[in-house]
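Observations on the three-dimensional arrangement
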Amino acid sequence: MKFMKLGSKPDAFQTDGNDARYVLSDLPSDIIIHVDDARFFLHKFPLLSKSSLLQRLIIEASQNGTDEVVIQDIPGGVKTFEICAKFCYGMVVTLNAYNVVAVRCAAEYLGMTEDVEKSNLIFKMEVFLNSGIFRSWKDSIIALQTTDALLPWSEELKLVGRCIDSIATKATANPSNVMWSYTYNRKSASSDEIVEARKSSQAVPKDWWVEDLCELDVDLYRRVMVAVKSRGRIPSDVVGEALKAYATRWLPECCDTLVDDVYSESYKHLLETIVWLLPSDKGSSGIPCRFFLQLLKITVLIGAGELLKEELMDRIVLQLHKASVNDLLIPSKPPAQTIYDIQLVQTLIGRYMRHAGVAEDGIFLNNLDQEMFETNVDNESLVALCKLVDRYLAEVASDPNLSVSSFVDLATSMPESARTAHDGLYTAIDIFLKLHPGLPKTEKRKVCSLMDVKKLSKGACIHAAQNDRLPLRVVVQVLFFEQLRAAGAASAVATAGPNGSVARCMARLEEEEDDEDGGWKEGRALPEPPTPGALRKQLGSLKLAAADQGGDDGRRLVARSSSVANQSSRLSLSSRSRRIFDKLWVGGGGKVPGEAAVGGKGSSDTSGSSQSPRSSAKPLESKSSSASSRNRRYSVS
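Keep in mind it's a predicted model, so treat the numbers as computed, not measured. (Residues numbered from 1 in each chain as written. Predicted model: local features only at pLDDT ≥ 70, side-chain atom pairs only at ≥ 80, totals over all residues. Heavy atoms only, no water.)

1. A short note on the nonpolar core
- Residues Ile33, Leu42 and Trp209 are the most contacted members of the largest nonpolar core, which totals 166 residues.
- In this structure, Leu42 is in contact with Phe13, Val23, Ser29, Asp30, Ile31, Ile33, Leu47, Phe81, Ala85 and Tyr89, ignoring residues within four places of it in sequence. (Core = buried A, V, L, I, M, F, W, Y, C linked by side-chain atoms within 4.5 Å. Buried < 20%, exposed > 50% of the residue type's maximum accessible area, 1.4 Å probe, protein only. Contact = heavy atoms within 4.5 Å.)

2. Description of unusual backbone geometry
- Of note, the amide linkage connecting Leu151 to Pro152 takes the cis form, showing an omega dihedral of 5°.
- Tracing the backbone through its elements, the reader meets Pro152 in the loop between α6 (137–147) and α7 (153–156).
- Phi angles above zero are rare outside glycine, and Asp36 is one such case at about 55°.
- Position of Asp36 relative to the elements: it lies in the loop between β4 (31–35) and β5 (38–42). (Helix = DSSP H or I, 4+ residues; strand = E, 2+ residues; numbered from the N terminus.)

3. A word on the packing of aromatic side chains
- Scanning the model with the defined rule gives 10 aromatic pairs in all.
- When the centroid spacing of 6.3 Å and the interplanar angle of 50° are considered together, the rings of Tyr246 and Trp250 count as tilted. Of this pair, Tyr246 and Trp250 both sit in helix α11 (residues 236–250), 4 residues apart, which is roughly one turn of that helix.
- Among the aromatic side chains, those forming a connected cluster through ring pairs are Phe13, Phe40, Phe81 and Tyr89.
- When the ring centre of Trp250 is taken as reference, the NZ or CZ atom of Arg249 above it lies at 4.2 Å.
- Directly above the ring of Phe481 sits Lys454, whose terminal nitrogen or CZ lies 5.2 Å from the centroid. (Phe/Tyr/Trp six-rings, centres within 6.5 Å; stacked < 30°, edge-to-face > 60°. Lys NZ or Arg CZ within 6 Å of the ring centre and 35° of its normal.)

4. Examining the pattern of salt bridges
- Summed over all chains, the structure comprises 22 salt bridges.
- As a salt-bridge pair, Arg104 and Glu126 come within 2.7 Å of each other at their nearest N and O atoms. Of this pair, Arg104 sits in helix α4 (residues 100–110) while Glu126 sits in helix α5 (residues 121–131), placing them 22 residues apart in sequence.
- We note a salt bridge from Asp452 to Lys454, for which the minimum N-O separation is 3.3 Å.
- By relative accessible area, Asp452 is classed as partly exposed at 22%. (Salt bridge = Lys/Arg side-chain N within 4 Å of Asp/Glu carboxyl O.)

5. Thoughts on the environment of Pro175
- Checked against the element boundaries, Pro175 lands in the loop between α8 (159–171) and β8 (182–183).
- In this structure, the C-alpha to C-alpha distance between Pro175 and Trp209, residues 34 residues apart in sequence, is 10.0 Å.
- When near neighbours in sequence (up to four residues on either side) are disregarded, Pro175 contacts Val204, Pro205 and Lys206.

6. Structural notes on the packing of helix α10 (residues 218–230) against α11
- It is the contact of α10 with α11, at a shortest axis distance of 12 Å, that shows an interaxial angle of 175°. Taken together, the axes of α10 and α11 are roughly antiparallel relative to one another. In this structure, α10 contributes Val218, Tyr221, Met225 and Lys229 to the contact, and α11 contributes Val239, Ala242, Leu243 and Tyr246.
- Class assignment of the residues belonging to the contact of α10 with α11 gives a composition of 7 nonpolar, no polar and 1 charged. (Axes fitted to C-alpha atoms, helices over the stretch in contact; angles between N-to-C directions. Parallel < 35°, antiparallel > 145°, perpendicular 65-115°, else oblique. Nonpolar A, V, L, I, M, F, W, Y, C, P; charged D, E, K, R; others polar.)

7. Quick look at the sheet that holds strand β6 (residues 68–71)
- Overall, mixed pairing links the 5 strands, which are arranged β2-β3-β5-β4-β6 in an open sheet. Only two strands of the sheet have a single neighbouring strand rather than two, namely β2 (13–15) and β6. Across the sheet, the mean angle from the axis of one strand to that of its neighbour is 25°, orientation sign disregarded.
- Strand direction decides the pairing type here: β4 and β5, joined by 5 bridges, are antiparallel. Each bridged residue has a counterpart across the sheet, and for Ile32 the counterpart in β5 is Phe41. (Pairing = 2+ DSSP bridges.)

8. Some points on helix α15 (residues 306–316)
- Turning to α15, its buried residues are Leu308, Lys309, Leu312, Met313, Arg315 and Ile316. Along the long axis of α15, the arc covered by the buried residues comes to 160°, so they all point the same way. Of the exposed residues in α15, those oriented more than 90 degrees away from the buried face are Glu306 and Leu307. (Arc of directions from axis to C-beta.)

9. Some points on α5
- Buried residues of α5: Leu121, Ile122, Met125, Phe128 and Leu129, and no others. Across the axial projection of α5, the buried residues extend over an arc of 125°, all falling on one side.
- Where α5 is buried, its residues meet β1 (3–6), α3 (77–89), β7 (93–96), α4 and α8.

10. Quick word on the confidence of the model for the protein
- The pLDDT averaged across the protein works out to 75; a share of 68% of its residues lies at or above 70.
- Segment residues 186–201 is flagged for pLDDT under 50; beyond a separation of four residues in sequence, or across chains, it makes 24 contacts in the model.
- Low pLDDT (under 50) marks residues 586–637, which in the prediction has 89 contacts with non-local residues, meaning those over four places away or in another chain. (pLDDT = per-residue confidence, 0-100.)

11. Examining the packing of helix α14 (residues 289–302) against α15
- Packing of α14 against α15 brings their axes to within 9 Å, and their N-to-C directions diverge by 155°. Viewed along their axes, α14 and α15 adopt a mutual orientation that is roughly antiparallel. Crossing handedness for the pair α14 and α15: left-handed. Contacts between α14 and α15 involve Cys289, Phe292, Leu293, Leu295, Leu296, Thr299 and Val300 from the first element and Leu308, Lys309, Leu312, Met313, Arg315 and Ile316 from the second.
- Of the residues belonging to the contact of α14 with α15, the class tally is 10 nonpolar, 1 polar and 2 charged. (Left-handed = near helix turned anticlockwise from the far one by under 90°.)

What follows is the structure, given as structure tokens:
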């Protein structure tokens, strides 16, 4: 820090412990000056030789027959007047960045100009400001901070503008030319670490100046940033980094503080300032989406206004796919019943899709209803956003007040083509069903219809097959497609079509469901279900192909793989599911599949039997497998 010492005489000012100040001297004081609540017992001659104001006031007091003078509203108050009085006596005073602005304003107030005496206090202050304060980065900031308490004097003397100009000039300088000390603590352990002269090999970062400016008042900070931006030398990403650092410094992290009316107005002013200072180029500002979402969260909580909210939302939708789930967890305000503001997130997603020019079917558009869209959003961004939506769904699904319609609307806000896998959606559905156990059967089906079981991973299928919260028809469908995948019967997927075995099985299951848990009506004969011939034919062709390639080893390999696939699918079901699934899938009026197979009239059990397809080459092995399957089935059921 720069400093300057004036005078050569020792400090002879004393105080009696109360409000009286006097000078140790052989001469008695002949003038009493009242400054605020303090009284200065001084001598006329030193004061008359330096201050035009004191000259006038002392003459007026003498004409009125009194030796007391009253000074009101002097900039800096008692402390600053004492420094000026010591200068008049020639005593040693030390000036620095903390008091130079106050002394300069007080000197102007007292009229300590060159017309009264050469090299008076104003002259010396100007020399110190120009040669010391304004040449120092940190001293300029400190001096600027002191100007706020000295208005309007500091503004009229252009001290505020000169400090701002000094700071902006240094902040926009080429980093390679920065030789002064600066504070750069965002990546250091100590918050007051001072980086001094650096070696030539140690590069100065582009945003070296942002931390020091965070100590400024919001109005002064706004004026400094305007001056910095007006020079056009600072990239928008550095401006964004500066605004982010300032918001982190002054905006609270606790939501409880935000709802306090005492601070809401100051926070609102701060938000308006930060948003107003954002780079005008919304698309390439270099500011992360997380920062905008944090500002939006605070805007919603304190009710900062729709214009501010709209501006932030317009910037968020440009990079919404880069957000995280925690960023989207914005608390709702009454009268909303949910914990988080679901409607706000849906609005953001809708705007993102319109900006991307994507219709509900996932098709990119160039023009819709005469409104042009920027189609610079690629498929990877849409997939990333869809994964984000699924994770957000899983987070808010635990809210007991979340309605089925809100859940469905949020899940369907993304085009189906963007959801390449349904594991995340299944997780959200499972959590929603767990936290909403009283849902009617129709609403459970509505929620579960969002999920495509063909897009579930193997692990998700295993979990879903054992999930008692899912409707039974979903469990059957999951197991069927998992069996097809395990058996490698790609051509048999056709059975999943509208007229395939799964569709017929689902239709029959709807007829047989009796209660919420999928119970069965007692005393009712089960009609014979269709035999999955396509699957049996495919498995048979696979076995024959393997037999042609590897003889006995190939046949045994196919039989073993089919048996393992069937066992894993069957064992993944609960006992209730196994019983119902067996009744649906086997043929012959509820006969056990093993018995039908032994009799030579049953079909291959694709829904959970461990028997492999019948082979003419090994009839005895087929019967043995059927018998073991029968025993195992009776033991499990």
